[in-house]
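Take a look at the letters that make up each chain.
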Amino acid sequence: MTVTSGAVAAGAPGPGGFEHVVAETRRGFGRDLVRAVARNRKAMAGVVLLAFFLVLTLFPGEIAPHDPMASIFQPGLGPSREHWLGTTSYGQDILSQLIWGTRQSVIIAFAVGGLATAIAVLVGVSAGYLGGASDGFLSLVTDVILVIPIFPLIIVITAYEKSSGLTTLVIVLGALGWSYGARQLRAQTLSLRTRDFLEAARVRGERRSYVILYEILPTMTSLIVASFLGAAVFAVLFAAGLQFIGLGDPNAQSWGTMLYWAENNEALGAGMPLWAIAPGVCVALLGAAFALLNYAFDEISNPALRLRRLDRPPDVEPRDAAASGEPPDPDRVLQVRGLSVAYTSDEGAVVAVDNVDLDLGRGEFLAVVGESGCGKSTLVYAIARLLGPPFSGEIIGGQIMFQGRDMVTLAERQLRHVRWREFSVVMQSAMNALNPVLTIAAQMRDACKAHSTMSDREIEERSREVLRLVSIDPIHLHSYPHQLSGGMRQRAMIAMALLFTPDLVIMDEPTSALDVVAQRSLMMQIKELQQRLGFAVVFVTHDMSLVSHFSDRLLVMYAGQVAEFGDTRRVFDTPRHPYTRALLEAFPSIRGPKTHLLGIPGSPPDLARPPSGCRFSPRCPVARPTCHATPPRLVEVESDLVRCVLYDDAALERDPVAAES
Amino acid sequence: MPWTLGLVGLTTIFAFLIGTFIGLIAAWRRGGFLDGVLPPIFVITSAFPYFWLALLAIWLFSIELGWLPANGGYGIKTEEAWSWTFAGDVLEHSILPAVTILVTAIGGWILTMRNNTISVLAEDYVRMARAKGLKPWRIMWTYAGRNAILPNLTGFAMSLGFVVSGAILVEFVFNYPGVGWMFLQSVENQDYALMQGLFLLITVAVLLAILAADVATVILDPRTRDRS
């Protein structure tokens, strides 16, 4: 039951939230990186610019048309065929100076970037990994360096140190520019320290240096690269600035020095604008090359920043909502027909909810169960219309009739008025679902103000009332979420969902963050409130035993599809689908005889490539040849539904092997 | 000091406010015009040497077009007094330096705020706010924006603290009578006492700004409050 679906975890972040994909892809990271850079336009622009400047750095003599220092031409010439960018007041060729000047900036960028990154890695990783007193000391040094105003300090240093050559510049910039990178690397190391693969390495008895070099550093490639690029941009700009105000070697071949001479000769006013403009453009372009790479890296290593659009899978046809022709049943709160939801991923669309039908009567308690990644949360979020940007899920077909309206076609503006008054949502973790910077009262007031004309006093009254409903003392109304205990937060969220006594409350694993005792008491309370106030509940959980006594009906999902749907007692007593049977066998019974607990072999299928035929067939103990070939229909057995060929008489007749047995 | 604080300080605050706002909107309208066009542009402008941008601005707006004065804090002929003409003159002299700082500084805030907001938008409490049926602007400000700005506060404080050091080059280019200009003068004249004094002042400014950021964080983030 603890298996996570590869499809949802890797490609399409499910409702559980996005994960920074840093550590999991350790091997093959280099190759993936090259491919990702080639795909990213910003990264390519950066690479091309950088390559251009590298060529200039390596072969200035071959490329430059003239000797950069020779004052042999007529001073102050404009652009001509002989001098593309004109000449300086000293009769030097500007283009040649520019080309020769590249070398210093590039050297500074790489030398400072390398030096600063080396120090950052050394300090950051050691601090994070060693912890304790060494961490305290190293962090202190990092913070002190971080708050030192670097630019004035460098000016002072170069002012004392009369000969400020290239080496001084590199050492000073490198020694002061590492602190920001070190802080990030330390934070990352801290978060990695408790990961399983490091624990494993420690248990294996690997040496510390081995763990740091071969286990930690490879996972931080993107951060290290970012630190290098950031330091490089900083170095290029600072060096140019220093040389510009005359603190560099005035005879050096560099862009900053060119700017210094141009400014001293008032090149802009004296009709030689290119003398001042061209070196600046070069500094900007070199800086931009590093900045673009940095930005692109950020996008590559943090998938949340990438914007993906859903390409509709060709095989799923959006069902025309009106075509179902079924009149809405007034006894039903919710009627879902043919609902399909897809997520975008690098490998195209992944259908996470496939053609689901369900009905919910007034005041009914429906439980949706299944393994992680089976699409149960996606299903209820689709019903609540909470998919769509910034989440990558999208409804690609079907109809959701709620109180006579089709939720799928309802515009966000109209939907807003239905929300919370008629249906509300309780999420998995109240810690994350309550706004950390607002009090409970403020978050209740938000909802009340949005949907009613209640006065502040009435809102306060009502808020206290709903808190009492879930047995929280109303003194906690003005607390912030972090001041409450886990159970109280969860109750507070349920209280919030009851502000308007809606007809439907959607609950996505509302008890999974609690311990077993708290779980049970919360379930009792939910059930009691439901019976008292008469709202219907859709309750998502992976824990079947939790709902066995509370739900009226049970929907078992597997790989995005309905596996079995029926009366809860009946499903528990006589499960029909082999998957339901396997699920039930995985749970211990309290009163029954001692039996062997059986897990389900294998793991849920990758939804990007669902198995042909029945999706459960690769793990099914009673699978027959036809199961691997033809997808089974959802058949009705005594007014319940099950998706298995064993109950499909028509299909069985066509299958000779099945007919024998 | 008042010159530097007035020019660079105010500009830094404006850059932060405007940049944060644009970043928030860009992330909110994901894939829209702001989101598609601005980030790449500002990645590039943030790599511009701003003293060079200042040179260009002077060349274009004072030398070629003659619209705005090229240097100084106020005109040579203007009397230093509390008068409208003096105020107008100061304002006119501050436009070019202010705009160059704004253009180079704003990009960083747009990018960080955009990225922060994008991760905050994926949080459950923003989804919850949507489920509650709140008005979009309310979700944007009190749920997304309020939380996304928290990590930026320290950075903002640091940049305020670095106002003086950041001013050095701009004040140099525009001959603006602020602390940065004075600092460079002291370096040129080898006046070590003044140099050290100013350096101390700059460092104290950074520390004060960080203190202010901590206070602001405590006000905006209740989680940092009760650690008793």
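Residues numbered from 1 in each chain as written. Chains lettered and ligands numbered in written order. Predicted model: local features only at pLDDT ≥ 70, side-chain atom pairs only at ≥ 80, totals over all residues. Heavy atoms only, no water.

Undergrad: Which residues make up the overall build of chain B, and what values go with them?
TA: On a plain count of helices and strands, chain B comes out with 10 helices and 0 strands. Start at the N end of chain B and walk to the C end: the helices and strands fall as α-α-α-α-α-α-α-α-α-α. For chain B, the spread of C-alpha atoms along the three principal axes comes to 65 × 50 × 35 Å. Counting the 228 residues in chain B, one finds 52% classified as buried. (Helix = DSSP H or I, 4+ residues; strand = E, 2+ residues; numbered from the N terminus. Buried < 20%, exposed > 50% of the residue type's maximum accessible area, 1.4 Å probe, protein only.)

Undergrad: Help me get a handle on the packing of aromatic side chains, residues and values and all.
TA: Taken as a whole and judged by the stated rule, the model has 18 aromatic pairs over all chains. An aromatic cluster is present here, built from Phe52(A), Phe53(A) and Trp255(A) joined pairwise through their rings. (Phe/Tyr/Trp six-rings, centres within 6.5 Å; stacked < 30°, edge-to-face > 60°.)

Undergrad: Got a sec to walk through the confidence of the model for chain A? Specific residues and values, please.
TA: Residues and elements named next belong to chain A. Of the residues in chain A, 86% have a pLDDT of 70 or more, and the chain-wide mean is 80. Predicted confidence is poor over residues 1–27, with pLDDT under 50, and the contacts of this stretch with residues over four places away or in other chains come to 55 contacts. The low-confidence segment residues 314–323, where pLDDT is below 50, has 13 contacts with residues more than four positions distant or belonging to other chains. (pLDDT = per-residue confidence, 0-100. Contact = heavy atoms within 4.5 Å.)

Undergrad: With reference to specific residues and values, describe the sheet that holds strand β11 (residues 635–637) of chain A.
TA: All names here are of chain A. Reading across the sheet, the 8 strands line up as β6-β7-β8-β3-β9-β10-β12-β11 and stay open at both edges, with mixed pairing between neighbours. Both edges of this open sheet fall to β6 (423–426) and β11, since each of them pairs with a single strand only. On average, adjacent strands in this sheet sit at an angle of 20° to one another, irrespective of strand direction. When strand β3 (residues 365–369) meets strand β8 (residues 536–541), the two strands line up parallel, connected through 5 bridges. Looking across to β8, one finds that valine 368 is bridged to valine 540. Relative to β6, helix α20 (residues 486–497) is tilted by about 170°, and along the sheet it contacts β6 and β7 (504–508). Here helix α24 (residues 578–585) sits on the sheet and contacts β9 (553–558) and β10 (561–567); the angle it forms with β9, its principal contact strand, is near 105°. (Pairing = 2+ DSSP bridges. Axes fitted to C-alpha atoms, helices over the stretch in contact; angles between N-to-C directions.)

Undergrad: Would you mind going over helix α10 (residues 196–203) of chain A in detail, with residue names and values included?
TA: Residues and elements named next belong to chain A. Of all the residues in α10, the buried ones are Phe197, Leu198 and Ala201. The buried residues of α10 occupy an angular sector of 100° when projected down its axis, which confines them to one face. Facing away from the buried side of α10 by over 90 degrees, the exposed positions are Asp196 and Val203. Residues of α10 that are buried make contact with α9 (179–193) and α11 (208–216). Taken from the residues just after α10, glycine 205 is the one with a positive phi, measuring 80°. (Arc of directions from axis to C-beta.)

Undergrad: Residues and numbers for the sheet that holds strand β4 (residues 394–402) of chain A, please.
TA: Residue and element names in this part refer to chain A. In space, the 4 strands of this open sheet follow the order β2-β1-β4-β5, with antiparallel pairing throughout. If you trace the sheet from one side to the other, it starts and ends with β2 (350–361) and β5 (405–406), each paired once. Pairing of β4 with β5, which is carried by 2 bridges, proceeds in the antiparallel orientation. In the strand pairing of β5, methionine 401 is matched with aspartate 406. Each of β1 (332–343), β2 and β4 is contacted by helix α15 (residues 376–383), which is oriented at about 120° to β1, the strand it contacts most.

Undergrad: Lay out the interface of chain A and chain B with the relevant residues and their values.
TA: Listed as interface residues are 73 residues of chain A and, on the opposing side, 65 residues of chain B. Where chain A abuts chain B, roughly 6200 Å² becomes buried across the two surfaces, and 70% of that area is made up of carbon and sulfur atoms. Contact with chain B buries surface across chain A, with Leu268(A), Tyr295(A) and Val437(A) losing the most and accounting together for 10% of the total. Joining chain A to chain B, the criterion identifies 1 salt bridge. (Buried area = accessible area lost by both parts, 1.4 Å probe. Salt bridge = Lys/Arg side-chain N within 4 Å of Asp/Glu carboxyl O.)

Undergrad: Requested: an account of the state of the cysteines, with residues and values cited.
TA: Disulfides are covalent bonds that connect the sulfur atoms of two cysteines. Residues and elements named next belong to chain A. Inspection of every chain in the model, using the stated rule, returns 0 disulfides over all chains. Sulfur of cysteine 614: no disulfide; nearest cysteine sulfur belongs to cysteine 627 and is 5.9 Å away. A residue is classified by how much of its surface remains accessible, and cysteine 614, at 13% relative accessible area, is buried. (Disulfide = S-S within 2.5 Å.)

Undergrad: Describe in detail the pairing of β8(A), supporting the description with residues and values.
TA: All names here are of chain A. Counting buried residues in β8 gives 6 out of 6 residues, a clear majority hidden from the surface. Residue alternation in β8 divides its side chains into two sets, Ala536, Val538 and Val540 and Val537, Phe539 and Thr541, and both sets are buried. Here 5 bridges tie β7 to β8, and the two strands are oriented parallel to one another. Among the inter-strand pairings, leucine 504 is bridged to a residue of β8, identified as alanine 536. Following the backbone out of β7, through helix α21 (residues 516–533) and into the adjacent parallel β8, one traces a crossover that is right-handed. (Right-handed = clockwise from strand over helix to strand, strands pointing away.)

Undergrad: Just give me the short version of empty space enclosed by the protein, but keep the residues and values in it.
TA: A water-sized probe rolled over the atoms picks out the places where empty space is left. Tallied over the full model, the rule gives 4 cavities of 30 Å³ or more. The calculated volume of the largest cavity comes to roughly 80 Å³. Taken together, the residues that form the lining of the largest cavity break down as 11 nonpolar, 2 polar and 1 charged. (1 Å grid on protein atoms, 1.4 Å probe; cavity = no way out; pocket = protein on both sides within 12 Å on 5 of 7 lines; lining within 4 Å. Points joined across faces, edges and corners; volume = space filled by probe spheres on them. Nonpolar A, V, L, I, M, F, W, Y, C, P; charged D, E, K, R; others polar.)

Undergrad: Now, about unusual backbone geometry: what can you tell me, with residues and values included?
TA: All names here are of chain A. Here glutamate 509, not a glycine, exhibits a phi torsion of approximately 40°, which is positive. Turning to its location among the elements, glutamate 509 is positioned in the loop between β7 and α21. Under the relative-accessibility criterion, glutamate 509 is labelled buried at 8%. Positive phi, normally seen in glycine, also occurs at serine 639, with a value near 65°. With respect to the secondary-structure elements, serine 639 resides in the loop between β11 and β12 (640–642).

Undergrad: Go over the nonpolar core, please, and point to the residues and values.
TA: Residues and elements named next belong to chain A. Ile155, Leu173 and Phe290 are the most contacted members of the largest nonpolar core, which has 125 residues in total. Each residue touching leucine 173, except ones within four places of it in the same chain, is listed here: Ile108, Val112, Ile154, Phe234, Ala235, Phe238 and Ala239. Among the nonpolar cores identified, the runner-up in size contains 107 residues, and Leu366, Ala384, Leu583 and Ala651 belong to it. (Core = buried A, V, L, I, M, F, W, Y, C linked by side-chain atoms within 4.5 Å.)

Undergrad: Break down the pattern of salt bridges for me, with residues and values.
TA: Residue and element names in this part refer to chain A. In total, this model carries 22 salt bridges over all chains according to the counting rule given. The partner of lysine 449 in a salt bridge is aspartate 456, and the shortest N-O contact between them spans 2.9 Å. In this structure, aspartate 640 and arginine 570 form a salt bridge, with 2.9 Å as the shortest nitrogen-oxygen distance. Highlighted residues: aspartate 640 in strand β12 and arginine 570 in helix α23 (residues 568–573), separated in sequence by 70 residues. Given the relative accessible area of 9%, aspartate 640 is considered buried. Look at the salt bridges and you will find they share partners, linking Arg332, Arg337 and Asp359 into a network.

Undergrad: Which residues make up a nonpolar patch on the surface, and what values go with them?
TA: Residue and element names in this part refer to chain B. A surface patch of nonpolar side chains, amounting to about 430 Å² of accessible area, comprises Leu10, Ile13, Phe14, Leu17 and Ile18. As for its placement among the helices and strands, leucine 17 is situated in helix α1 (residues 2–28). On the basis of relative accessibility, which here comes to 49%, the residue leucine 17 falls in the partly exposed class. (Patch = residues over 30% accessible without salt bridge, like charges linked within 9 Å, V, L, I, M, F, W, Y side chains within 5 Å. Areas by Shrake-Rupley, 256 points an atom, 1.4 Å probe, with all protein chains shown as cover.)

Undergrad: Describe the environment of Tyr647(A), and please don't skip the residues or the numbers.
TA: All names here are of chain A. Position of tyrosine 647 relative to the elements: it lies in the loop between β12 and α26 (649–654). Residue tyrosine 647 is classed as partly exposed on the basis of its relative accessible area of 25%. When the C-alpha atoms of tyrosine 647 and glutamate 564 are compared, they prove to be 12 Å apart, with 83 residues separating the residues in sequence. Discounting chain neighbours no more than four positions away, the residues touching tyrosine 647 are Arg576, Arg581, Val635, Val637 and Val642. Separated by 3.5 Å, the side chains of tyrosine 647 and arginine 581 make a polar contact. (Polar contact = N/O pair within 3.5 Å; in protein donor to acceptor, adjacent residues only side chain to side chain.)

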